[in-house]
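# Report on the structure
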Amino acid sequence: MRKKLAAGNWKMNGLVDSLSQVETLVAQHPAPGCDVLLCPPATLISAMSAIAGSALSIGGQDCHQAQTGAHTGDISAQMIRDAGGNYVILGHSERRADHDESDAQVAAKTKAAWDADLIAIICVGETEAQRDAGTTLQIIRDQLASSVPDGATGTNTVIAYEPVWAIGTGRTPSLPQIAQVHDDLRTTLTARFGTQGDAMRLLYGGSVKPSNADEIFATSNVDGALVGGASLKATDFGAIITALSKAH
Ligand code: PEP
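Residues numbered from 1 in each chain as written. Predicted model: local features only at pLDDT ≥ 70, side-chain atom pairs only at ≥ 80, totals over all residues. Heavy atoms only, no water.

### So, helix 7 (residues 136–147)
Taking 1.5 Å per residue, 12 residues should reach 16 Å; helix 7 reaches 16 Å between its end C-alpha atoms and fits that length. Taken as a whole, helix 7 has its buried residues at Thr136, Ile140, Gln143, Leu144 and Ser147. The arc that holds the buried residues of helix 7, viewed along the axis, is 100°, so those residues lie on one side. (Helix = DSSP H or I, 4+ residues; strand = E, 2+ residues; numbered from the N terminus. Expected span 1.5 Å × (residues − 1). Buried < 20%, exposed > 50% of the residue type's maximum accessible area, 1.4 Å probe, protein only. Arc of directions from axis to C-beta.)

### What about the sheet that holds strand 7 (residues 201–205)?
Whether parallel or antiparallel, the strands of a sheet pair through hydrogen bonds between backbone atoms. Sheet architecture is closed into a barrel: eight strands sit in the order 1-2-3-4-5-6-7-8, paired in parallel fashion. Sheet twist, expressed as the mean angle between neighbouring strand axes with direction ignored, is 25°. For strand 6 (residues 157–161) and strand 7, the ladder comprises four bridges, and the chain directions are parallel. Paired with Val158 across the bridge in strand 7 is Arg201. (Pairing = 2+ DSSP bridges. Axes fitted to C-alpha atoms, helices over the stretch in contact; angles between N-to-C directions.)

### Topic: the site of the ligand
Residues in close proximity to the ligand total 14 residues, the closest being Lys11, Glu162, Gly168, Ser207 and Gly228. A distance of 3.4 Å separates an oxygen atom of the ligand from a polar side-chain atom of Asn9. At 2.7 Å from an oxygen atom of the ligand is found a side-chain nitrogen or oxygen belonging to Glu162. Protein burial of the ligand: of its 290 Å² of free accessible surface, 95% is covered by the chains. (Near = heavy atom within 4 Å. Polar contact = N/O pair within 3.5 Å; in protein donor to acceptor, adjacent residues only side chain to side chain. Areas by Shrake-Rupley, 256 points an atom, 1.4 Å probe, with all protein chains shown as cover.)

### Side note on the pattern of salt bridges
Counted by the stated rule, this structure contains 16 salt bridges. Taking the shortest distance from any N to any O, the salt bridge between Glu126 and Arg131 comes out at 2.8 Å. The same class applies to Glu126 and to Arg131, which are both buried. For Arg171, the salt bridge goes to Glu128, with nearest N and O atoms at 2.6 Å. Placement of the pair is Arg171 in the loop between strand 6 and helix 8 (175–193) and Glu128 in helix 6 (residues 128–132), with a sequence separation of 43 residues. Taking relative accessible area as the criterion, Arg171 reaches 37% and is therefore assigned partly exposed. The network of salt bridges with shared partners includes Arg2, Arg186, Asp198 and Asp223. (Salt bridge = Lys/Arg side-chain N within 4 Å of Asp/Glu carboxyl O.)

### Some points on unusual backbone geometry
One non-glycine residue, Lys11, lies in positive phi territory at about 50°. Within the element layout of this structure, Lys11 appears in the loop between strand 1 (5–9) and helix 1 (19–28).

### A few points about the nonpolar core
Residues Leu38, Leu56, Ile159, Leu185, Tyr204, Phe217 and Phe237 are the most contacted members of the largest nonpolar core, which totals 60 residues. Considering every element that reaches this core, the biggest residue donor is helix 11 (residues 234–245), with six residues. Apart from residues no more than four positions distant in its own chain, Leu56 is found in contact with Val26, Val36 and Leu38. Counting residues in hydrophobic clusters, the runner-up holds 13 residues, among them Leu5, Ala7, Cys39 and Ile121. (Core = buried A, V, L, I, M, F, W, Y, C linked by side-chain atoms within 4.5 Å. Contact = heavy atoms within 4.5 Å.)

Next comes the structure, spelled out in C-alpha cells:
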C-alpha cells in the first residue's frame, strides 16, 4: 500500500514572514491523513523544520552531486539533511531548462541524496512540442531510464510526472492523459524494479489546485501531487491535503 504524498515546491518564493503560512498549515492539519512535504528555498529549510513537527516533512529543491567541496553557491544533500530536510526534488524542469541539467546529472544527484539519507523526488515530463509530436511516453521512458539510478526503491525514491507545459500555466492534461502517463510509469518501473517499482509513489504536478485536486487524485496510479503555486498559501495547500487524505 503506497502512502499518499502532498508535496509543495515553493521555488524561489518565501521570506521569514512566509513561515506564518506553515504555522497556519500545521495548526489546521496537525495529523493529516497523508504524508505532507514542503520544499522551501534553502534559506528557510532550517526554520521551517523547526515549525513542522510531526505534521509535515521538509525538503530541498535541488542538491549538488558532491557531498562537500569547491562548488560556490551550491548546497549538498548532507546540508539539506543537516538543516532538517528528509526529501529533495531533483530534475525539476526549471532546473533542467535554467541550468541545463542532464539526466546523467539528475542520476548522480539522486545517488548523493540517497547517500545522505534523503528521499529523492525525480521529476520527468514532456514539453508541449513533444506532446504535439506524439512522443510523450517515449520521452518519459527515456528520462526514467537515464535519471533513475539502479537501486531505486519505494522507500528512497518518488517519481513526479510534470508536463512542462502545465507548470504554472493553469493548464492541465485531461484525466485520461494523466492516467496514460501514470500507468505507463508504473509499468516501466515495475518492469525494471519489480515490487519496488510497484511501491514507488507517483505524483502528478502541474497546476494542481483545490478545484481540480479531487479528480486528479481519483486518477489511476496517482499517489499524490507536487504542487507549486498553490502550496504557498495554507488555505489552498490545506484544501489539497484534505482532498488527498480522503482519496482512495
Ligand atoms: C511545480 O513547480 O512543480 C509545479 C507543479 O508548479 P505549479 O503547481 O505552480 O504548476
